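# Analysis of the macromolecular model
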Amino acid sequence: MVQGAGKIWVTRTEPGATRLQDRLQAQGREVWSAAVLDIEWVRPAQCLQVDAQGTHALDQAAAAQLAPPDIVFLLSVHAAQAYLSGELVERVSHPCYVAVGEQTAAILRAQDLDVMVPDLATSEGILQLPVVQALEPTSRAWIMAGAQGRTTLAEGLLKVGVTDLHKFVLYRRYRATVPPIPVRDISLIVVGSIDGLLSAAEQWLAAGGSLDVELLVPSARVAKKAEELGFTRVYNSHGAAAETTAQAVWEQATKGRLGEDE
């Protein structure tokens, strides 16, 4: 246990929650892991055609007639898991795979698939890849993702000039109710997304938690939302990977700024 540190509430879903918990415990930190979101798989996947006018749902018959893609984007670990366990992977042959981050890529590499990963583990990072910049209007692109979420990648692909673009919705997130929160013991809350932030914030405040609790978020976008909600001690880890998050906790704690009682 790091001297003077309280518990860290890891609010993320599996499998990322366990990976992060293991890394934090290896630092000597005490972790309370309770996911604030649950995952519901969408089977069969919902197919959306994406164009300049927006998104248009395709029925299963029309989706089944789509030509195989030239490039497949996977925007989360859950998307990669659902893609490999469904029928979509059987419909492609030798595509270029792009994963948003190393943890997502690892799911595909375990099946001996070659995957590209951007330096910056975001949709913006994907759009900077040379292979993406080189796409042509005739390129067929599929996006594997959850319901809702960001539209940055799709919008960027349209700007590049891709006209044959489809998004497959493979899962949905919904708010989960956590066990009684040990508010007095928690010194730091780790969230992984805006949806996770909203669910954690609602339950934290309902349990009597304070807005001055330290909050670790994965991006500037989530940090901005946290500050809009009134949280006053928000830190950006610049990535959602377990390794990145754990490193951010360690670096800030050594500065006496994060996860330490004042």
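Right, let's walk through the structure included here.

Reading the values: the criteria
Residues numbered from 1 in each chain as written. Predicted model: local features only at pLDDT ≥ 70, side-chain atom pairs only at ≥ 80, totals over all residues. Heavy atoms only, no water. Phe/Tyr/Trp six-rings, centres within 6.5 Å; stacked < 30°, edge-to-face > 60°. Helix = DSSP H or I, 4+ residues; strand = E, 2+ residues; numbered from the N terminus. Pairing = 2+ DSSP bridges. Axes fitted to C-alpha atoms, helices over the stretch in contact; angles between N-to-C directions. Contact = heavy atoms within 4.5 Å. Buried < 20%, exposed > 50% of the residue type's maximum accessible area, 1.4 Å probe, protein only. Polar contact = N/O pair within 3.5 Å; in protein donor to acceptor, adjacent residues only side chain to side chain. Disulfide = S-S within 2.5 Å. 1 Å grid on protein atoms, 1.4 Å probe; cavity = no way out; pocket = protein on both sides within 12 Å on 5 of 7 lines; lining within 4 Å. Points joined across faces, edges and corners; volume = space filled by probe spheres on them. Nonpolar A, V, L, I, M, F, W, Y, C, P; charged D, E, K, R; others polar.

### Things to note about the packing of aromatic side chains
- Counting across every chain of the model gives 5 aromatic pairs.
- Relative to W32, the ring of W9 lies with its centre 5.5 Å away and its plane at 55°, an arrangement referred to as tilted. On the criterion of sequence distance, the pair formed by W9 in strand β1 (residues 7-10) and W32 in strand β2 (residues 31-33) is long-range, its members being 23 residues apart.
- Seen in terms of ring centroids, W41 and Y171 are 6.2 Å apart; in terms of plane orientation they differ by 70°. Their pairing is edge-to-face.

### Let's talk about the sheet that holds strand β3 (residues 37-51)
- Across the sheet, which stays open at both edges, the 7 strands sit in the order β4-β3-β9-β8-β5-β6-β7 with mixed pairing between neighbours. What marks the edges here is a single partner per strand, and that holds for β4 (54-58) and β7 (115-116).
- Alignment of strand β6 (residues 96-99) against β7, held across 2 bridges, turns out to be parallel. Within the sheet, the bridge partner assigned to Y97 lies in β7 and is V115.

### Considerations on the sheet that holds strand β12 (residues 233-236)
- Taken together, the 5 strands give an open sheet; going across it, the order is β2-β1-β10-β11-β12, and neighbouring strands pair in parallel fashion. This sheet does not close on itself; its edge strands, each paired only once, are β2 and β12. With strand direction ignored, the average angle separating the axes of adjacent strands in the sheet is 25°.
- Pairing analysis gives 3 bridges linking β1 to β2, with the strands arranged parallel. Opposite I8, over in β2, you have V31 as the bridge partner.
- Relative to the sheet, helix α9 (residues 220-229) contacts β11 (214-217) and β12, its axis offset from that of β12 by approximately 175°.

### Looking at the pairing of strand β10 (residues 186-190)
- Counting buried positions along β10 gives 5 out of 5 residues, so the element sits mostly inside the fold.
- In the sheet, β1 pairs with β10 via 4 bridges, with the strands oriented parallel. When the sheet's bridge partners are listed, I8 is paired in β10 with L188.
- Sheet topology places β10 next to β11; 3 bridges connect them, and they run parallel. From the neighbouring strand, I189 faces β11, where its bridge partner is L215.

### Regarding the side chain of S76
- Residue placement: S76 occurs in the loop between β5 (71-74) and α3 (77-85).
- When residues no more than four places from it in sequence are discounted, the contact partners of S76 are V100, T104 and Y171.

### A closer look at the side chain of Q203
- Position of Q203 among the secondary structure elements: in helix α8 (residues 194-206).
- With relative accessibility at 15%, the residue Q203 sits in the buried group.
- Looking at Q203, its side chain comes within polar contact range of the main-chain nitrogen of V178, at 3.0 Å.
- Non-local contacts of Q203, meaning those with residues more than four positions away in its chain, are made with V36, A176, T177, V178 and I181.

### Here's the deal with the state of the cysteines
- The tally for this structure, following the rule as stated, stands at 0 disulfides.
- For the unlinked cysteine C47, the closest cysteine sulfur is that of C96, found at 19 Å.
- Taking the relative accessible area as the measure of exposure, C96 reaches 21% and is therefore partly exposed.

### What to know about the layout of surface pockets
- Each pocket or cavity is described by its volume, and for the second largest pocket that value is around 240 Å³.
- Lining the second largest pocket are 19 residues, and of these V50, T55, T151, A154 and K167 sit closest to its centre.
- Broken down by secondary-structure element, the contributors of at least two residues to the lining of the second largest pocket are β3, β4, β8 (140-146) and α7 (152-160).
- Per element, the largest residue contribution to the lining of the second largest pocket is 5 residues, and it comes from α7.
- When the residues that make up the lining of the second largest pocket are grouped by side-chain class, the tally is 9 nonpolar, 6 polar and 4 charged.

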